[in-house]
Amino acid sequence: MNSLPLRVLVVSKDRSLLRQVSRFLNMFGYRVQQAAEMEHARAALQGEPPHVMILDAAANEEAIHWLCDQSPDAGSFAHVHTLMLLGSPTARGIIDAVAAGAD
């Protein structure tokens, strides 16, 4: 059994949300990395990729489009399970998020 902590990347322009989610996940032993800007999130994905990414699309509508552009080269890094936060989810928003690669 692997005893290394799960790596989680939290991406949001809302710094209060970054702090709250990070504190919560840290309480359970997750190794949390924060990114307030999309270029920082991209760098984190290319460095030591997280196991899970939580992407806030409620505060940043272009997050869905950004996720579409993150198609890694085959074999460059493992799949990152992506959870997307939507402010007021609509059927179209959910379809777009899943089409972009959100789990």
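Residues numbered from 1 in each chain as written. Predicted model: local features only at pLDDT ≥ 70, side-chain atom pairs only at ≥ 80, totals over all residues. Heavy atoms only, no water.

Visitor: Summarise the sheet that holds strand β3 (residues 52–56); cite the residues concerned and give the values.
Guide: Across the sheet, four strands lie side by side as β2-β1-β3-β4; this open sheet has parallel pairing. Every interior strand has two partners, whereas the edge strands, β2 (31–35) and β4 (81–85), have only one. Going across the sheet, the axis of each strand differs from the next one's by a mean of 20°, ignoring polarity. Strand direction decides the pairing type here: β3 and β4, joined by five bridges, are parallel. Of the residues in β4, the one forming a bridge with I54 is L83. (Pairing = 2+ DSSP bridges. Helix = DSSP H or I, 4+ residues; strand = E, 2+ residues; numbered from the N terminus. Axes fitted to C-alpha atoms, helices over the stretch in contact; angles between N-to-C directions.)

Visitor: Go over the nonpolar core with me, naming the residues and quoting the values.
Guide: Core analysis: the biggest nonpolar cluster contains 16 residues, and L9, V11, M53, L55, L67 and M84 have the highest contact counts within it. Elements represented by at least two residues in this core include exactly β1 (7–11), α2 (38–46), β3 and α4 (91–100). Of all the elements, α2 adds the most residues to this core, at four residues. Apart from the residues within four sequence positions on either side, L9 is in contact with Q33, Q34, A35, A41, A44, L45, P50, V52, M53 and I54. (Core = buried A, V, L, I, M, F, W, Y, C linked by side-chain atoms within 4.5 Å. Buried < 20%, exposed > 50% of the residue type's maximum accessible area, 1.4 Å probe, protein only. Contact = heavy atoms within 4.5 Å.)

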